[in-house]
Structure formats: C-alpha cells, structure tokens
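Take a look at the letters that make up each chain.
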Amino acid sequence: MSDRKHQAELRKFVRDLTTSELPVTILADVVPGGGKSRLPGIIAEAFPDFHIGWFVPRLSLADQAEKGMKKDFGIQIRASGNDINPTRGYKGFVTTTHSLVSNTQLWVDELSRKDRKYILVVDEVHHGKIDRAGNWQKTAAALNLLPYKIRLLMTGTIETNDNTFVFGVPYKEVGKGWIPDLQNFDGKVIRYSRADYRDWE
C-alpha cells in the first residue's frame with residue numbers, strides 16, 4: 001500500500017529522528033477517512049525496539065487498532081482493560097481513555113517502565129478538553145500525566161465550537177474567538193485536509 005501525503009511526511013520525519021532528539025510530540029491533524037490509523041505503525045517501523053501504548057475513546061476503535069496493526073504492519077498489540085502488564089508478550093497494547101481515567105496510575109506506571117520504551121498514541125485527542133478558564137476535563141488531565149519519548153496525538157478536529165481547547169494543541173485569540181496556533185506547536189505537525197483527501201481519491 002502506497003503512502004498518502006501525510007503518511008509519507010511522517011515516515012520521513014521519524015526516519016530522520018534520532019534518540020537524542022527525544023522526547024518529541026507529533027500532532028496529526030487528519031480529516032476523517034484520511035488513514036490516520038496507519039501512523040502508529042509507521043512510527044513503530046522506524047523504532048522497532050519501542051512498544052506501542054495506544055489510547056482510544058471507544059472499544060470499536062481498540063478492535064480496529066489491534067487488527068489493523070497486525071494486518072498492515074505484522075505487529076501484534078493487545079486490546080487491554082485495566083491489566084497489570086497489559087502487553088502480555090505482545091508488542092504493545094491498546095485500551096480506552098475510560099480505562100485511563102478510571103486507573104490513571106496503572107498506565108503512568110506502565111509507560112514509566114525501565115525495561116520497556118513506548119510510543120504513546122492518543123486517538124481522537126479532541127476528547128481531551130480544557131475550558132477557556134483553564135480547567136482540565138478528566139481525560140485531558142489523565143493524558144497530561146502520561147510519560148513519553150514519542151507521543152502521537154491524532155485528531156480530525158482541532159477547531160472546537162464549545163468554548164474548549166483540545167489537549168496538546170496551542171491556540172491564539174483572534175478578535176472574540178480562538179484559533180489553533182500551530183506555528184507555536186512544540187513538536188511536529190502533520191496535516192491532511194479534505195482537499196488532500198479529494199486529490200488522493
């Protein structure tokens with residue numbers, strides 16, 4: 001399967017990335033249907049000694065992640081609940097943000113292990129919200145505690161209409177509103193728009 005524009009851009013970025021440049025955060029702003037689920041596998045291929053720690057908002061997405069990683073990259077990750085040692089001999093885990101919120105310390109401990117390095121993946125990161133007064137919703141607060149060497153934040157929604165900010169995305173005030181300020185993002189931004197998607201089709 002050939003890479004789309006954003007997938008090729010990520011592949012080049014991580015191919016050139018050295019461990020001395022870690023930790024790093026990658027923000028993938030990808031239109032729905034744009035193939036963002038392949039991005040964790042692209043990073044995993046570039047860092048084969050890393051495990052994958054993948055958080056999703058729904059069980060259906062956990063199932064898709066588990067099957068997609070095996071089908072597309074030959075990498076087996078385990079769909080997990082709040083389990084000690086969630087990988088159970090596999091190359092990583094995928095679990096829900098509900099599991100993260102309900103037992104945050106378990107996941108902080110897992111991602112802090114000295115014998116295992118992780119690529120931290122957050123799917124649909126727009127579910128982690130911070131209001132305009134600076135109050136952190138539970139999911140955002142839990143995500144903020146997770147350690148990482150490589151962190152991939154994936155979403156197709158960085159502009160919100162409910163007076164909140166998306167976890168990990170910088171914003172700036174314009175007139176009476178706020179817009180994403182990706183020029184001041186501390187890391188790498190990869191974007192794939194509706195126009196890109198139409199061109200690829």
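Residues numbered from 1 in each chain as written. Predicted model: local features only at pLDDT ≥ 70, side-chain atom pairs only at ≥ 80, totals over all residues. Heavy atoms only, no water.

Can you break down the environment of L39 residue by residue, with the values?
Topologically, L39 is positioned in helix α2 (residues 39–46). Taking C-alpha positions, L39 is 8.8 Å from M154, a pair spaced 115 residues apart along the chain. Among all residues touching L39, those that are not within four sequence positions of it are H6, Q7, L10, A28, V30, L152 and M154. (Helix = DSSP H or I, 4+ residues; strand = E, 2+ residues; numbered from the N terminus. Contact = heavy atoms within 4.5 Å.)

Residue-level account of the nonpolar core, with values.
Of all hydrophobic cores here, the largest spans 33 residues; its most connected members are I43, W54 and I150. At the level of secondary structure, the elements contributing two or more residues to this core comprise α1 (5–16), β1 (24–30), α2, β2 (50–56), α3 (59–73), β5 (117–123), β7 (150–155) and β11 (188–192). A per-element tally of this core places α3 first, with 5 residues. Sequence-distant contacts of I43, that is, excluding residues within four places in its chain, are made with L10, V14, I26, I119, I150 and L152. Counting residues in hydrophobic clusters, the runner-up holds 26 residues, among them I130, L146, V169 and L182. (Core = buried A, V, L, I, M, F, W, Y, C linked by side-chain atoms within 4.5 Å. Buried < 20%, exposed > 50% of the residue type's maximum accessible area, 1.4 Å probe, protein only.)

Before we move on, can you summarise the sheet that holds β5 with the specific residues and values?
Across a sheet, strands are paired by hydrogen bonds formed along the backbone, either parallel or antiparallel in direction. Taken in spatial order, the 7 strands make up an open sheet running β3-β4-β2-β5-β7-β1-β11, and their pairing is parallel. In the strand order of this sheet, the two ends are held by β3 (78–79) and β11, each with one partner. In this structure, β2 lies alongside strand β4 (residues 92–96), joined through 5 bridges in parallel fashion. Looking across to β4, one finds that I52 is bridged to G92. Against the sheet, α1 engages β1 and β11, with an angle of about 160 degrees to β11. Lying on the sheet, α3 is in contact with β2, β3, β4 and β5; it crosses β2 at an angle near 150 degrees. (Pairing = 2+ DSSP bridges. Axes fitted to C-alpha atoms, helices over the stretch in contact; angles between N-to-C directions.)

Summarise α2; cite the residues concerned and give the values.
Counting buried residues along α2, 6 of its 8 residues qualify, which places the element largely inside the surrounding structure. Restricting attention to buried positions, one finds in α2 the residues L39, P40, G41, I42, I43 and A44. Buried residues along α2 sit in contact with α1, β1, β2, α3, β5 and β7.

Just give me the short version of helix α5 (residues 104–111), but keep the residues and values in it.
Among the 8 residues of α5, 6 are classified as buried, and the element is accordingly described as predominantly covered. Of all the residues in α5, the buried ones are T104, L106, W107, V108, E110 and L111. Looking at the buried residues of α5, the elements they touch are β2, β4, α4 (97–102), β5 and α6 (138–144).

Go over the side chain of R78, please, and point to the residues and values.
Turning to its location among the elements, R78 is positioned in strand β3. Side chain to side chain, R78 and D83 meet in a polar contact 3.2 Å long. In contact with R78, other than residues within four places in its own chain, are E66, D83, P86, T87, R88, Y90, G92, F93 and V94. (Polar contact = N/O pair within 3.5 Å; in protein donor to acceptor, adjacent residues only side chain to side chain.)

For the layout of surface pockets, give the residues involved together with the corresponding values.
Each pocket or cavity is described by its volume, and for the largest pocket that value is around 320 Å³. Around the largest pocket sit 21 residues that line it, and K36, S37, L61, Q64 and D123 are the ones nearest its centre. Per element, the largest residue contribution to the lining of the largest pocket is 7 residues, and it comes from α3. The residue makeup of the lining of the largest pocket, split by class, is 10 nonpolar, 6 polar and 5 charged. (1 Å grid on protein atoms, 1.4 Å probe; cavity = no way out; pocket = protein on both sides within 12 Å on 5 of 7 lines; lining within 4 Å. Points joined across faces, edges and corners; volume = space filled by probe spheres on them. Nonpolar A, V, L, I, M, F, W, Y, C, P; charged D, E, K, R; others polar.)

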